[in-house]
Amino acid sequence: MKNKKIQPSLTEAIIVLAIIICSISLGVIGWKVSPSTAILFSIGITMLYGVSKHADFSAIHHGIVKGIEPGIIPIFIFILVGALIAVWIKAGIIPALMVIGFKVLSVKWFIPSIFVACAIVGSAVGSAFTVMSTLGIAFFGIGKALGFDQALIVGAIASGAVFGDKMSPLSESTNLAAAVVEADLFKHIKNLMWSTIPAFIFSLIVFSFLGVSSKTASLQAIQRITSVLEHNFPISPLALIPILLMLICAWKKIPAIMTILLNIAVSVGMILWQQPVSLTTIGALIESGFKSQTGDRQIDLLLTRGGIESMMPTVALIIVALSLGGLLLEFNLISTVMNRLANRLKTARSLIIATLLTAIGVNIFVGEQFLSVILPGSSFKEIFKQQQLDPVVLGRTLEDGGTVINYLIPWGVAGSFVAGTFGVPVLDYLPFALFSLLSPLFSLISALTGIGVKHQLTD
């Protein structure tokens, strides 16, 4: 016999959601426990609510499975990224990018330079994750050597990569938003500019100020680091081959999993060409990551990273976060609030603001980037049509409150990926993730002023 769905009252839904967000916030920020532990406690609270409403364990299991399902592909990509980072370091690709960066980038304008560079590459590749796990790692190493604050470096890298991802026609999240609202992709991207371009400009101005006022390294220190890298790694123009392959795969619209696997294969081929190593050694590299032994403590700390094992804490966090989101959806706690809210919206301004806040809320409670677009998009799409608002307005609102905000959530898929890749907690780099912070702000300004709010033409 099929289990009857739980239909909570609005009061019940609000109370349960409030308890969950308070417990996670208190645990992570107040008691400094790991997000995974805080979320496990919230899962227990949610299960108790389900049992109190006579939900059996098959419904609980179903909610967990359905919650994790959207994260399976991102989780697999994260595992591959861990392997990619390890082989890119061993093959000399990331060290070569660092040496080139030392010679090309201006110390004075380093922070705004990497912000712009990541934005450009992100627009070409269409994946913020790919940019951060490849070019971002090299920029991170250069920035640490130059004496910049780690959180500021990560904030600039993430901001540029997210901007590029958001404005690229190759981006999965951008294509998803356009598909959910049933809008033309390029019209959607064009309308994104009403919030995206101001956010980019303001971010660039702030990064320029913060970058110039930061600590810099001496020429002697840069020369020392460059010498160590050149002595211990194969630095040559051949290091650009995997990067070019990545760009070609992006423009050919080859899926991320296949692109990363091809890059790993090519990088392993480069390692075998450079020096004879056993397949056992390659396997250990992919599994456990690269262990730098240059004798320079600063470089060894930076380049000892990667491997499948390095991504396991991130994978664990994503699994428990998505499990909580699945239970909240299974017990209709989120949909109850969303549906009641949708029925009370009477003006275009209130509709846009509510959609923005709902997308942010889904990010907080579910932690999954795509669901933060899909759930509010599906709930508000018909109301946007009734208000005669162009679908691109909904698409932009979903991106500003959904896609970019996930990078600011410690237990979110994107946020946990950034923290795991660079070893900098989300709450540390959050104040410097300017593009993600400013995008919803300019979307709110658009709603309040009506600028960029396009209406459909009526007969």
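In this text the structure is predicted, and so the values were computed from the model without any measurement.

Rules behind the numbers
- Residues numbered from 1 in each chain as written.
- Predicted model: local features only at pLDDT ≥ 70, side-chain atom pairs only at ≥ 80, totals over all residues.
- Heavy atoms only, no water.
- Helix = DSSP H or I, 4+ residues; strand = E, 2+ residues; numbered from the N terminus.
- Rg over C-alpha atoms; globule rule 2.2 N^0.38 Å.
- Buried < 20%, exposed > 50% of the residue type's maximum accessible area, 1.4 Å probe, protein only.
- Contact = heavy atoms within 4.5 Å.
- Areas by Shrake-Rupley, 256 points an atom, 1.4 Å probe, with all protein chains shown as cover.
- Lys, Arg positive; Asp, Glu negative; His and termini not counted.
- Charge placed at Lys NZ, Arg CZ, Asp CG, Glu CD.
- Core = buried A, V, L, I, M, F, W, Y, C linked by side-chain atoms within 4.5 Å.
- Patch = residues over 30% accessible without salt bridge, like charges linked within 9 Å, V, L, I, M, F, W, Y side chains within 5 Å.
- Salt bridge = Lys/Arg side-chain N within 4 Å of Asp/Glu carboxyl O.
- Expected span 1.5 Å × (residues − 1).

Asks: Give a description of the overall build of the protein chain that names residues and reports values.
Replies: From N to C terminus, the protein chain includes 24 helices and zero strands. The C-alpha atoms of the protein chain give 23 Å as radius of gyration, which agrees with the globular expectation for 459 residues (23 Å, within 12%). Projecting the C-alpha coordinates of the protein chain onto the three principal axes gives extents of approximately 65 × 50 × 40 Å. Looking at the protein chain as a whole, 55% of its 459 residues qualify as buried. Pairs at least 24 apart in sequence give 80% of the contacts found in the protein chain among residues at least 6 apart. Accessible surface, the protein chain as shown: approximately 19,500 Å² in total, 68% of it carbon and sulfur. Taken as two groups, the 28 positive and 21 negative side-chain charges of the protein chain have centres that lie 4 Å from each other.

Asks: An account of the nonpolar core is requested, with residue identities and associated values reported.
Replies: Within the largest apolar cluster, 129 residues are counted, with the highest numbers of intra-cluster contacts made by Ile39, Ile111, Met132, Ile157, Leu229, Leu303 and Phe422. The element that contributes the greatest number of residues to this core is helix H4 (residues 72–90), accounting for 12 residues. Ala342, Phe384, Val392 and Val393 belong to the second largest nonpolar core, which has 21 residues in total.

Asks: So, the environment of Asp300: which residues are in play, and what are the values?
Replies: Position of Asp300 among the secondary structure elements: in helix H16 (residues 297–303). Separated by 10 residues in sequence, Asp300 and Phe290 have C-alpha atoms that sit 9.9 Å apart. For Asp300, the contacting residues outside a window of four places in its chain are Ser292, Gln293, Thr294 and Gly295.

Asks: Lay out the side chain of Lys381 with the relevant residues and their values.
Replies: Within the secondary structure, Lys381 is located in helix H20 (residues 371–386). What makes Lys381 buried here is its relative accessible area of 17%.

Asks: Outline the environment of Ile14, supporting the account with residue identities and numerical values.
Replies: Structurally, Ile14 is set in helix H1 (residues 10–30). Residues Ile14 and Ala321 lie 307 residues apart in sequence; the distance between their C-alpha atoms is 19 Å.

Asks: Explain a nonpolar patch on the surface to me, using residue names and the numbers behind them.
Replies: Taken together, Met193, Ile197, Ile201, Phe202, Ile205 and Val206 make up a surface patch of nonpolar side chains, about 510 Å² in accessible area. For Ile201, the position within the fold is in helix H11 (residues 185–212).

Asks: I'd like a rundown of unusual backbone geometry, residues and numbers included.
Replies: Phi at Lys253 takes a positive value of approximately 60 degrees, unusual for a residue other than glycine. By the element assignment, Lys253 lies in the loop between helix H13 (240–251) and helix H14 (256–274). Within the chain, Asn332 stands out as a residue other than glycine whose phi angle is a positive 60 degrees. Under the relative-accessibility criterion, Asn332 is labelled buried at 14%.

Asks: Break down helix H5 (residues 93–104) for me, citing the residues and quoting the values.
Replies: The terminal C-alpha atoms of H5 lie 16 Å apart, and with 12 residues this matches the ideal 16 Å at 1.5 Å per residue to within 8%. Counting buried residues in H5 gives nine out of 12 residues, a clear majority hidden from the surface. Burial in H5 covers these residues: Ile93, Ile94, Pro95, Ala96, Leu97, Met98, Val99, Gly101 and Phe102.

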